Every structure is written in structure tokens, then in C-alpha cells.
Amino acid sequence: MTHLRLVKSVLGQAFRLLPCAAWLPELRNWATLRGDMVAGISVAMVMIPQAMAYAELAGLAPVFGLYAASLPPVVAAFFGSSRQLSTGPVAMAALISVATVAPLAPPGSDAFITYSITLALMVGLIRLALGFLRLGMLVNLLSAPVVAGFTSAAALIIVTSQLHHLLGVPAALGSRGSGFHFAGVWQVLESAAERVHEPTVAMGLLAVVVILALGRWVPQAPAVLVAVMLTTALSWLLAFEGNIVGEVPGGLPSLQLPAIDGAAVPNLVVGALTITLIGLLEAMSIAKTIATGTKQRLDINQELVGQGLANVAGSFLQSFVVSGSFSRSAINLASGARTGFSSAVTSLAVIVTLLFLTPLLFHLPQTTLAAIIATAVLGFLRVEPLRTAWRASRADGVIAVITFAATLLLAPRLHLGVGIGVALSLTAYLYRSMRPRVVYLSRHADGTLRDADAHGLALDQRIAILRFDGRLYFGDSGYFEEKVLEVVTRLPELRYLVIDAGSINQVDASGELTLRQVVERLRGADIDVFFTRAKPQFVDVLERTGAIEAIGRDHFFAWNQHALEYLWDQMEPTYRARCPLNVATPHVAAGTWNI
């Protein structure tokens, strides 16, 4: 009996550590429970047709989309940190999945299915590992310009990949394999120029119009479900001659261990990492948007665990990769979801569909699924983020454009587009960090000390204040030394150098050594060095290494003005009155104030 109580106690403690333990008691409130049930059903009405469409995008039969929409949503909700994040098949993950697996096996083959499921398992394990190791910050490797460029290009690739379904022409050979995506698109357009299948085009246009029209004028209506029901009914009534989904196997997927081909795993790793980063960034962006309105606390590492477990659990039920969906999460929130139980309701609705409703999907036109995919990613085709990146920084704008172009040109090798973008971002960051901004300060007309060169201010010839806007580490310590010694060349009569250290947040061993050497060299040239506004972490390093004694504790001041007052006292009484660090003085070459 004692052992039983101990087991119950341990299980109880473990349960309380789960995120769902915080909201499960709230389901006793009928309003909360009702809101979750309504939201769960509302999401399911969109999830079911979208899941089938994204399975097609991933190169799989539509039923695999239903498998991916069955268990993963509830697992992610119970173990993730966001209550309203809706997890399931999404366009980006499906596109990267097919791009990763297609070079290894023909889409639709048994090997292709096996590799797609294995990829989901790998994505899940990677996300779990990152979550447990609390490495969620790795998502920051994807900068905003890279994401903007990649998502816009990926959306264009997704839309063009559905052209053969929308036009009723054969798919291009090799369009999903090792060939280039847009070479396949050109083949499709050539086929369409000869002849399109008019009933297919009409049905696809009808689906697009219904989805977009209802989305704009009746946003509360399940536009995707209405389009599916309408086109399926017309397909049956009119004996539609285009491609239809056909028989969708009913019943739940069998529980089985994913068949792992060791030889294929190395070829799937890059795709798994790409999906992990892109999917996590997308999921956290959605979750943060929701949390802003609901005042939830988000934990990126816990979300990694939830998303990871969803993919691992799904792989045992023949699911391909899943992630957070922006559109379905928005529906979930707008429909009144208050807890993760809404996702459990969504999963239940999908299971009911698998058990009883799959025969109704027989006459669903393939072009409708293509229309669902195309309309779902239209929101990702945005030029404004690229313009914003360009306005913020020319380097960021170039990175965004190059990422966009590389993703398009190298498709279906999408990981190369992301890799090029990440490499460029890291290179640009490294360059910027190795050459931080260094400015000379002088007195401005408003009484403050400002960038002398930017505002056309004269420099004092005997006292200089230099502000270094960056860390002092091995990467930029040489640049720091170069800029400090440059002062001597610029101001030959210099006697005192004040280094404004207010922007120096970190000093490593190389930076500390450089600091000592610079002070020694300048003092050897009869130029004394002082420091102002030094932060605790800066001073702590100098304390631990003894550098603060070598420099002199009396050479550190809290503010620039304090240092100036001290230095003026060391000079002739009349010097202060004419010093450009005390009296605003325009540079002779500037002629006028430049404010």
C-alpha cells in the first residue's frame, strides 16, 4: 500500500510539471469547455481539407494528411506552452519534406512514404533534444531578412507547384526530383499552351473564388470546407472528368514503429534541421502573436518539446512532418479557444472523419486541393518585408533578396536557399561586430555631447572623447586599437584621451590585453587615458585581471562631464572657456550647424 501511494505521489508530481496541468482544471467551467469545443470543431472544418491538400503537396496520398491531423494536434497542445497554437500539416513543412525526400525515391512510392515518416521522426527527435537542452535560442540563426526572403520564395514555389492540378495538365517529369523546379514549371506552361482541361480550370477557379470571397465578406464561415463540399457535390452531380481524390482509406492508422533506412538518414538530416528551424520560427511567431492578446507566458523550449513529441508520436501513426499553423491558430483563438483542449476536440473530429466520413471524399477534385494550397500561401507572397529590410539596412535588404533568389533558383533544394541566407546573415553580423561604430564626441548647441563628425562640430586639440559602440572582444580588439591610435594622427597636440565605455557590454581576454597595450603606448607618448560610464561587467573583468590597478582607479569616472571637469582643472584657467568640449563650436569646414 505504501508503494502504491509513493507511485501515485510521483505520478502526481510529474503530472503537475506538464503544461496541460495548468489548464485542465479550468475545463470544469462550462464556458471554457464550450468555447474549446466550438473552437476545436471550427478548426477541424479547416484542418481536414487543408491536411489532405498539404499531404498532396508533400507528395503523399491525402489520407496521410488526415493521419497527420489526428494525434499530433492534441500531443502538441498537451505538452507545448501555447494554449491556442494549432498544430498539424502546414504548407512550408510539406514543401520542405517533399524537397528533401523526392531525390531519394519517387513520390507516392513505398520508399517515399517511409522516408517521409522517418523525416517526421527525425524532426521530432531534433526538436525534443533542442527543447531538453534549452537551445531554443538557435531559432535566432534565422534573421528576419532570411525568413522574409525564404517564405516569399517558398510561397511562389508552392503556388507554381500546383499549376498542373489547376490547369488539368500532366505534371512535369522530375519536377519533384533532382531537377530544377522552374524547369518543370516551364514544361507545365508549355503543355498548358497547347491545351488545358477546361472543366478542371473551371472547378479550380470556383474553389479559389469561394475561398477568397467567403474569407473577405463572410470571414466567420468555414470557407475551405464550403469550397470542398461545393466542388465535391458538383463533381458527383456532373460526373467530373478531371482528376479526383478517389477512394480514401477509412479507419485509424495502424500503430507501428517507423521503418528507418540507415542509408537514407544522412540525406534527411539537412531537411530535418531546416524544417526544425523554419517550423519553430513560424510556430513561435504565431504563439507570440496570440500571447500578446491573451497575456500568456510562452516558453520556447517547452514549445520545442511539444512540437517534438507531436512529430515523434505522429510518426508512429504514419504521419509526415507537422508544425504550428498561423491560419488555424487564428481561427482557434477567434472561435473562443481558452485551453489546449480545443486541439483535443480537433483531433477527435479528424478521427471521426477517418472512421466514418472518408467515403464522402471520393469525388473531391484534385484541383480543389490545389486551390486550397494556393490560397493558403498567398499571404506569404509579400514584398513589404523585403522593402522594410532594405530600408532598415542595405546589407539586410541584399541578404533578403539573395535568399529569395537563391531559394527560387535552387528549388527544390530549399535547404540551400536557407543555408545561403543564414551564412550571409552570420557573415554580415560578424563583419558589423568586428567593425563597430566609433565616434568622436564634442559639445553640441543643445548642451549635450554628440557625434562631432555627424553634426559638423569642431574637435578639441588637447582633449578627445572617443565612444566605442560595441563589445571589446578578440574579433574587434584590433579595430579598437587601430581607431584609438588613429586619434594621435588626427590630433597631434593631444594630451588626454577619454574613452566613453558606456556601450562596451563585454570584454574578453583579447580585449583586456588590447586595452592594457593601448594605455601603455599612449602613456609612452605622454597621452593619459581615462574611462567614463564603464559598466559593471566591464569593470569586473579589469578587477579580476588587475588591469584596473595598472590603469589607475582614479582614471575612471561615472560621467563624461566629471572627467572633463577633472581635466580642465589640470590645465590653464582660460582653457575651459574656449574648449569645444565645453562651448559648442562648428567645424570650420562645416561652416554651419548640422543638426
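Above this text you will find the structure in question.
As the structure is a computational prediction, the values presented were derived from the model and not from experiment.

Thresholds, definitions, all that
Residues numbered from 1 in each chain as written. Predicted model: local features only at pLDDT ≥ 70, side-chain atom pairs only at ≥ 80, totals over all residues. Heavy atoms only, no water. Helix = DSSP H or I, 4+ residues; strand = E, 2+ residues; numbered from the N terminus. Contact = heavy atoms within 4.5 Å. Areas by Shrake-Rupley, 256 points an atom, 1.4 Å probe, with all protein chains shown as cover. Lys, Arg positive; Asp, Glu negative; His and termini not counted. Charge placed at Lys NZ, Arg CZ, Asp CG, Glu CD. Phe/Tyr/Trp six-rings, centres within 6.5 Å; stacked < 30°, edge-to-face > 60°. Buried < 20%, exposed > 50% of the residue type's maximum accessible area, 1.4 Å probe, protein only. Axes fitted to C-alpha atoms, helices over the stretch in contact; angles between N-to-C directions. Parallel < 35°, antiparallel > 145°, perpendicular 65-115°, else oblique. Polar contact = N/O pair within 3.5 Å; in protein donor to acceptor, adjacent residues only side chain to side chain. Salt bridge = Lys/Arg side-chain N within 4 Å of Asp/Glu carboxyl O. Pairing = 2+ DSSP bridges. Left-handed = near helix turned anticlockwise from the far one by under 90°. Nonpolar A, V, L, I, M, F, W, Y, C, P; charged D, E, K, R; others polar. 1 Å grid on protein atoms, 1.4 Å probe; cavity = no way out; pocket = protein on both sides within 12 Å on 5 of 7 lines; lining within 4 Å. Points joined across faces, edges and corners; volume = space filled by probe spheres on them. Right-handed = clockwise from strand over helix to strand, strands pointing away. Core = buried A, V, L, I, M, F, W, Y, C linked by side-chain atoms within 4.5 Å.

Within the protein one finds 26 helices and 8 strands. Within the protein, residue pairs in contact and separated by at least 24 positions form 82% of the contacts whose partners lie at least 6 positions apart. Accessible surface, the protein as shown: approximately 26,800 Å² in total, 64% of it carbon and sulfur. Counting 41 positive and 38 negative side-chain charges, the protein places the averaged centre of each group 7 Å from the other.

On to the packing of aromatic side chains. Within a pair of aromatic rings, the relevant descriptors are the distance that separates the centres and the angle that separates the planes. Applying the stated criterion to the full structure yields 10 aromatic pairs. Considering the side-chain rings of Phe-530 and Phe-557, the 6.2 Å spacing of their centres and the 45 degrees angle between planes classify their relative orientation as tilted. Residue Phe-530 is found in strand β7 (residues 528–532), and its partner Phe-557 is found in strand β8 (residues 556–557); the two are separated by 27 residues along the sequence. You can call Phe-530 buried: its relative accessible area is 2%.

What follows covers the packing of helix α2 (residues 30–57) against helix α16 (residues 366–377). The N-to-C vectors of α2 and α16 enclose an angle of 95 degrees; their axes lie 9 Å apart at closest approach. As judged from the angle between their axes, α2 and α16 are roughly perpendicular. For the pair α2 and α16, the contacting residues are Pro-49, Gln-50, Met-52, Ala-53, Tyr-54, Glu-56 and Leu-57 in the first and Gln-366, Leu-369, Ile-372, Ile-373 and Ala-376 in the second.

A few words now on the side chain of Thr-532. Relative to the helices and strands, Thr-532 resides in strand β7. Looking at Thr-532, its side chain comes within polar contact range of the side chain of Asn-560, at 2.6 Å. With near-sequence residues (within four places) excluded, Thr-532 lies in contact with Val-498, Ile-499, Asp-500, Ala-501, Gly-502, Phe-557, Trp-559, Asn-560 and Ala-563.

The subject of this paragraph is the pattern of salt bridges. Under the definition given, this model contains 20 salt bridges. Of the charged contacts, one joins Arg-437 and Asp-451 as a salt bridge, the two residues approaching to 3.0 Å between their closest N and O atoms. Residue Arg-437 is found in strand β3 (residues 437–443), and its partner Asp-451 is found in strand β4 (residues 449–451); the two are separated by 14 residues along the sequence. Residue class for Arg-437 comes out partly exposed when judged on its relative accessible area of 46%. Asp-446 is paired through a salt bridge with Arg-450; the nearest N and O atoms lie 2.5 Å apart. Through salt bridges that share partners, Arg-437, Asp-451, Arg-467 and Asp-469 make up one connected network.

Moving on, we come to the pairing of β3. Here β3 lies mainly inside the structure; 5 of its 7 residues are buried. Sheet analysis places β3 next to strand β5 (residues 463–469), joined by 5 bridges and oriented antiparallel. When the sheet's bridge partners are listed, Tyr-440 is paired in β5 with Leu-466. Pairing between β3 and β4: 3 bridges, direction antiparallel. Directly across from Leu-441, in β4, lies its bridge partner Asp-451. Where β3 folds back on β4, the antiparallel hairpin that results is connected by 5 residues, among which Gly-447 adopts a positive phi of roughly 95 degrees.

Before going further, it helps to examine the packing of helix α21 (residues 477–490) against helix α22 (residues 509–524). One can describe the packing of α21 onto α22 by two numbers: an axis separation of 9 Å at closest approach and a directional angle of 15 degrees. With respect to their mutual orientation, α21 and α22 come out roughly parallel. As for the relative orientation of α21 and α22, their crossing is right-handed in sense. Residues Ser-477, Phe-480, Glu-481, Val-484, Leu-485 and Val-488 of α21 form the contact with α22, whose participating residues are Ser-510, Gly-511, Thr-514, Leu-515, Val-518, Arg-521 and Leu-522. Looking at the contact of α21 with α22 residue by residue, the class counts come to 7 nonpolar, 4 polar and 2 charged.

A few words on the sheet that holds β3. Strand pairs in the sheet, formed through backbone hydrogen bonds, run parallel or antiparallel to each other. The strand order across the open sheet built from 6 strands is β4-β3-β5-β6-β7-β8, with neighbouring strands paired in mixed fashion. A strand with exactly one partner marks an edge of an open sheet, and here the two such strands are β4 and β8. Bridge count for β7 against β8 is 2 bridges, and the pairing is parallel. Counterpart to Thr-532 in the pairing with β8 is Phe-557. The sheet contacts of α21 involve β3, β5 and β6 (496–500), and relative to β5 the element is tilted by about 160 degrees.

Another aspect to go through is empty space enclosed by the protein. Picture a little ball the size of a water molecule; that probe, rolled over the atoms, points out where space is still empty. Scanning all chains against the criterion turns up 1 cavity of 30 Å³ or more. Residue assignment for the lining of the largest cavity shows that the elements contributing at least two residues are β3 and β5. The class makeup of the residues in the lining of the largest cavity is 8 nonpolar, no polar and 1 charged.

It is worth spelling out the layout of surface pockets at this point. By volume, the second largest pocket amounts to about 380 Å³. As for the second largest pocket, its lining consists of 16 residues, of which Leu-225, Met-229, Leu-357, Leu-360 and Leu-361 are closest to the centre. Sorting the residues of the lining of the second largest pocket by element identifies α2, α11 (223–237) and α15 (341–357) as the ones contributing at least two each.

Right, let's talk about the pairing of β7 for a bit. With 4 of 5 residues buried, β7 is to be regarded as a mostly interior element. Taken together, the 5 bridges between β6 and β7 define a ladder with parallel strand orientation. Note that in β7 the partner of Leu-497 across the bridge is Val-529. In this region the chain leaves β6, passes through α22 and returns to the parallel neighbour β7; the handedness of that crossover is right-handed.

Take the nonpolar core next. Nonpolar side chains in soluble globular proteins generally cluster together in the buried interior. Met-52, Leu-119, Phe-150, Ile-158, Phe-320 and Leu-414 are the most contacted members of the largest nonpolar core, which totals 94 residues. Not counting the four nearest positions on each side in its chain, Phe-150 is found in contact with Met-92, Ile-96, Ile-278, Thr-403, Thr-407, Leu-414 and Val-418. If you look at the next biggest cluster of nonpolar residues, it comprises 33 residues, including Phe-480, Ala-501, Phe-531 and Ile-551.

Turning next to the side chain of Ser-81. By the secondary structure assignment, Ser-81 is in the loop between α4 (72–79) and β1 (86–88). With a relative accessible area of 15%, Ser-81 lands in the buried category. There is a polar contact of 3.3 Å between the side chain of Ser-81 and the backbone oxygen of Asp-299. Sequence-distant contacts of Ser-81, defined by excluding residues within four places in its chain, comprise Gln-296, Arg-297, Leu-298, Asp-299, Gln-302 and Glu-303.

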